[in-house]
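Below are the chains, spelled out letter by letter.
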Amino acid sequence: MKIKLQKIAHARSGDKGPNSNVGLIFRHPDIYNWARKIITTSLVKSHFGSVVKGEVKRYEMDNLWALNFILGDSLGGGGSESLLNDAQGKTHGQALLLMEIDLPKKLKVYINE
Amino acid sequence: MSKVIRIANGQGFWGDSIDAPVNLIKDGPIDYLTLDYLAEVTLSIMQRQKLKRPDAGYARDFVELIERVIPDLVDKNIKVISNAGGVNPEACRDALLKIAKSKGIDIKIGIIKGDNIYDKLDYFTTIGIDFKNLETGESFDSIKDKVYSANVYIDSFCIARALDEGAQIVLAGRVSDPGLALGPAIHEFGWQADQIDLIAAGTLAGHITECGAQCTGGNYSRWSEVEDLANIGYPIIEMHETGEFVITKHNGSGGLVNRQTVSEQILYEMGDPTYYISPDVCVDFTSLALEDMGDNRVKISNVKGLEATPTYKVSISYFAGYKASGQLTISGPDALKKAELVADLIWKRLENTGCIYEDKSTEFLGISSCHGSINRIPEQVNEVVLRLGVKDSDKAKVNRFGKEISPVITNGPPGVTGFAGGRPKAQEIVAYWPALIPKNLIATDVDVN
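Being a predicted model, the structure only gives us computed values, none of them experimental.

S.K.: Teacher, can you tell me more about the overall build of chain A here?
M.R.: Helix and strand counts for chain A come out as 3 helices and 6 strands. Helices and strands in chain A line up, N terminus first, as β-β-β-α-α-β-β-α-β. Its C-alpha atoms give chain A a radius of gyration of 14 Å, within 12% of the compact-globule value 13 Å for 113 residues. With respect to the three principal axes, the spread of C-alpha positions in chain A is 45 × 25 × 20 Å. Burial statistics for chain A: of 113 residues in total, 43% are counted as buried.

Dropping the structure here:
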């Protein structure tokens, strides 16, 4: 079934110089272990479209059931140099939660848990 | 039962709630109160204030706070650790001592010196420090003549030293944000620099609380599950001698502390989680174990560290030109089409006067301005806020932009409003330049009155 990530995950974002980072956190290890295989850097890059001009990097944190994405060149220069309304990528976490994915039936139990 | 100290954070940045620290003092037991006032470019503002007035250059908000709470601090023996000293901790201390004296209170205040290397930049470059940009690799020469401030993120042992010498208030300039919480733990437990896992635990604890309420239910994905955000409690670390700690908040305060609120904050502004670099240690954030104990308590244990790097990070700020931004509200039928026309008109008119900018931006707030193509744009929207911005090294050109916003209310399409607060004026861009310096070149000093 198609769902948005917001049904199964949390996210928080902030700035790292000209890049932003998004921490994507799952509420159960089963969901994390599945998502780790599905939510790739290329999927995230294409989801963000023109918002992310650079490359996307990904780090895994098994202990927190979390993935950390670095969105390269996503802040119009970043910090005080940016002209963008969201110069610090504060909203990028919310944007990632809008991603639509195909959730396997056996993981349905974790929706909105 | 081992010794436990309670370290609260009442200020995540300059501009955070002015009542949060007061409530932390009033609403329950704490031993230490940490307060962060310095963003990366805040010191440049302070440096320039000090150039104009030798007794300025620190966070005035902090002095106002201490004036409100000093009798309680003394009664309850709560120690305060802050980077409010900015580029002039001496003057900040003088201001605090004056307040204490007027209230008949005797208080010991420690200041930490050695982070401000603005006056020594020339010397350091002559001995071969290149200060090249840590992120881009660019040469320091390109900004050398435009530097506003230069401060080193110094280690947290100097905070502990000031506490060892009996300071009730410790005033630093540029120390690491997590160091404000690590310093008291070093002081209380006698942790040594080579006890890497303990130093890493204290650093992680400080990282979790450094943004105030962002670990107690603020900015939380499931915001609708957070109770009483109006009275949100700011975070408290219950630190044990063993390096295990609990993140919590005062009983009766609003907000939420659980596995997710704390996890979200651990990932905030994170790069490589296996190697979080602080002046004191490198922390492996993939090592920690997190246990939700319920009742707004989350326990963290098993934090692993790696040896600190041989360099300190230097935070340099420099002048990088001018910018301005202005906005208009466009309402009624075809709001978005009209907003696009308004943007076109303004840019064309500026071009006609010869104003071409190094950078400019056009955003339609309310129409996925933050998220681009992630959202489908509806056919009809009834209201749009148009936000335009420009950047250039020519101040006059940036000011010219500010004069081109309001005319469109009468000489553009109908339904344009929301132009308030006068013409946007050119603001200086103070940009951030991170660099490195070998630790052995920096001498820190502690001075307790």
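Anyway, onward from the coordinates.
S.K.: How should I be thinking about the sheet that holds strand E3 (residues 19-26) of chain A in this particular structure?
M.R.: Ordered in space as E2-E3-E5-E4 (chain A), the 4 strands form an open sheet in which the pairing is antiparallel. In this open sheet, the two strands that pair with only one neighbour each are strand E2 (9-16) and strand E4 (56-61) of chain A. Strand after strand, the sheet turns through a mean of 20° between neighbouring axes, direction not considered. Bridge count for E4 of chain A against strand E5 (residues 66-71) of chain A is 6 bridges, and the pairing is antiparallel. In the sheet register, Arg-58 of chain A faces E5 of chain A, and the bridge partner there is Phe-69 of chain A. With respect to the sheet, helix H9 (residues 259-266) of chain B is in contact with E2, E3 and E5 of chain A, its orientation differing from that of E3 of chain A by roughly 155°.

S.K.: Hey, could you run me through helix H8 (residues 196-209) of chain B in this one?
M.R.: Helical geometry: 3.6 residues make up each α-helical turn, so side chains three or four residues apart lie on a common side. The terminal C-alpha atoms of H8 of chain B lie 20 Å apart, and with 14 residues this matches the ideal 20 Å at 1.5 Å per residue to within 8%. Across the 14 residues of H8 of chain B, 13 count as buried, placing the element largely inside the fold.

S.K.: Is there a simple way to think about the pairing of strand E11 (residues 289-294) of chain B in this case?
M.R.: Side chains on a regular strand alternate between the two faces of the sheet. Residue and element names in this part refer to chain B. The pairing of E11 with strand E12 (residues 297-301) spans 5 bridges and is antiparallel. Each residue of the ladder has a partner; that of Gly-294, found in E12, is Arg-297. Hairpin connection from E11 to E12: 2 residues lie between these consecutive antiparallel strands, with Asp-295 at a positive phi of about 55°.

S.K.: So what exactly am I meant to see when it comes to the interface of chain A and chain B here?
M.R.: A common way to report how large an interface is uses the accessible area buried once the components associate. Each partner contributes to the interface: chain A provides 36 residues, whereas chain B provides 41 residues. Elements supplying a minimum of two residues to the side of chain A that touches chain B: E2, E3, helix H2 (41-48), E4 and E5 of chain A. Per-element tally for the side of chain A that touches chain B: the top contributor is E2 of chain A, with 6 residues. Here the side of chain A that touches chain B is built from residues that sort into 14 nonpolar, 15 polar and 7 charged.

Parameters at a glance
Position labels on residues start from 1 in each chain and follow its written sequence. Throughout, the order in which chains and ligands are written sets their labels, letters from A for the former and numbers from 1 for the latter. Totals for whole chains, interfaces and linings use every residue, but because this is a predicted model, local features are given only for residues with pLDDT of at least 70 and side-chain atom pairs only at 80 or more, for both listing and counting. To qualify as a helix, a DSSP run of H or I must reach at least 4 residues; to qualify as a strand, a run of E must reach at least 2; elements of each kind are numbered from the N terminus. Values of the radius of gyration come from C-alpha atoms, whereas the globule rule sets the reference at 2.2 Å times the count of residues to the power 0.38. Exposure criterion: with C-beta atoms placed from backbone coordinates, a residue whose C-beta has 20 or more other C-beta atoms within 10 Å is buried, one with 12 or fewer is exposed, and one in between is partly exposed. Here, a strand pair is defined by DSSP locating no fewer than two bridges between the strands. Note on definitions: angles span 0 to 180 degrees between N-to-C directions of axes, and those axes are lines fitted to C-alpha atoms, for helices only across the stretch in contact. Contact between two residues is assigned when their C-beta atoms, built from the backbone, lie within 7 Å. By definition here, a helix of n residues has an expected span of 1.5 Å times n minus one. Each residue is assigned to one class: nonpolar for Ala, Val, Leu, Ile, Met, Phe, Trp, Tyr, Cys and Pro, charged for Asp, Glu, Lys and Arg, and polar for all the others, Gly among them.

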